[in-house]
Every structure is written in structure tokens, then in C-alpha cells.
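Chain by chain, the residues:
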Amino acid sequence: MIEVYIDGASADNPGPSGAGIFIKNKDDVERFFIPLGVMENHEAEYHAFINALKICLEKGYKNVSFRTDSQLVNRSVEKEFVKNKKFAPLLEEALKLTRQFDLFFMKWVPRSENKASDELSRVAIRNN
């Protein structure tokens, strides 16, 4: 099972934003930082998730377990619903991508367990 840690961050709200993705595959790790331009923090969280899903699909990973410290993203994926309609298209895109995996799991983790992807998201902000 591939473990994928994701984080989105913004320097302001809205402000320069970035996605951090840390993938553990047996003994191998992959790190990605993706500048996202100017957006709100919650948008950055969704974009980090979507980018990570796309990376995993491109690499042919079929069994993935995602970890995020974003309660908003975790709950919306779990319930397949988001209150703020602004995020509905992002959730819809993410859910379509999750259905392409043989096994997909998502788990909320405390920020302290998500440091690698957090650091990568901050690198992405600096590279905007």
C-alpha cells in the first residue's frame, strides 16, 4: 500500500499558495512541491489532494492510503459533500479521481504527523 501525505498552504488568505506531497512506497520516498499561485488556504488543500491523486494515477499506483491534516478535505471526501459551494467542483474532481483506484483510503492525521508535506508546501509557496 502506497502512503501519500498531502498538505496545502497559503502565505496569506488568499495569498501565494503551494502543495506539498510526500509519497512512501516501501523503501522509496518521493517528494513533490507544486506552486499554486494565489488562492485561499482551503483551496490549496484541495489542490494538493487533486495533484497527489493525479501523480499516483500517472505512476500506476492502484492501492493508496492518503493522510491529511485538513479536517475540511478529510470530512468532505468521507461524506462526499461540502457545505461551501465554492469547493464543490474541487471535491467533485477529487472524487472522480479516487474512483480510479482499486483501493483508496483517506485518514486525518495531526499536523505533527504531516511535517514532510507541510515543509514541501512551504517550499512551493517560495517558488511561486
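These numbers come from a predicted model, not from an experiment.

Considering helix H3 (residues 88–98)
At 3.6 residues per turn, the α-helix brings residues three or four places apart onto the same side.
Item 1. Buried residues of H3: Leu 90, Leu 91, Ala 94, Leu 95, Leu 97 and Thr 98, and no others. Taken end-on, H3 shows its buried residues confined to a sector of 160 degrees, consistent with a single buried face. H3 presents Pro 89 and Lys 96 as exposed residues on the side facing more than 90 degrees away from its buried surface.

Notes on the packing of aromatic side chains
Item 1. One pass over the full model with this rule turns up 6 aromatic pairs.
Item 2. An angle of 45 degrees between the planes, with centres 5.5 Å apart, marks the rings of Phe 66 and Phe 104 as tilted. With Phe 66 in strand S4 (residues 63–68) and Phe 104 in strand S5 (residues 103–108), this pair connects stretches of sequence that are 38 residues apart.
Item 3. Residue Phe 66 is classed as buried on the basis of its relative accessible area of 0%.
Item 4. Grouping aromatic residues by their ring pairs yields a cluster made of Phe 49, Phe 66, Phe 101 and Phe 104.

Focus: the pattern of salt bridges
Item 1. Following the criterion strictly, the structure yields 10 salt bridges and no others.
Item 2. Between Arg 67 and Glu 3 there is a salt bridge, and its shortest N-O distance comes to 3.9 Å. With Arg 67 in strand S4 and Glu 3 in strand S1 (residues 2–10), this pair connects stretches of sequence that are 64 residues apart.
Item 3. Put simply, Glu 40 and Lys 86 hold a salt bridge, and the shortest N to O gap is 2.9 Å.

Criteria and thresholds
Residues numbered from 1 in each chain as written. Predicted model: local features only at pLDDT ≥ 70, side-chain atom pairs only at ≥ 80, totals over all residues. Heavy atoms only, no water. Buried < 20%, exposed > 50% of the residue type's maximum accessible area, 1.4 Å probe, protein only. Helix = DSSP H or I, 4+ residues; strand = E, 2+ residues; numbered from the N terminus. Arc of directions from axis to C-beta. Phe/Tyr/Trp six-rings, centres within 6.5 Å; stacked < 30°, edge-to-face > 60°. Salt bridge = Lys/Arg side-chain N within 4 Å of Asp/Glu carboxyl O.

Everything listed here is a matter of coordinates, which is why it stays silent on function.
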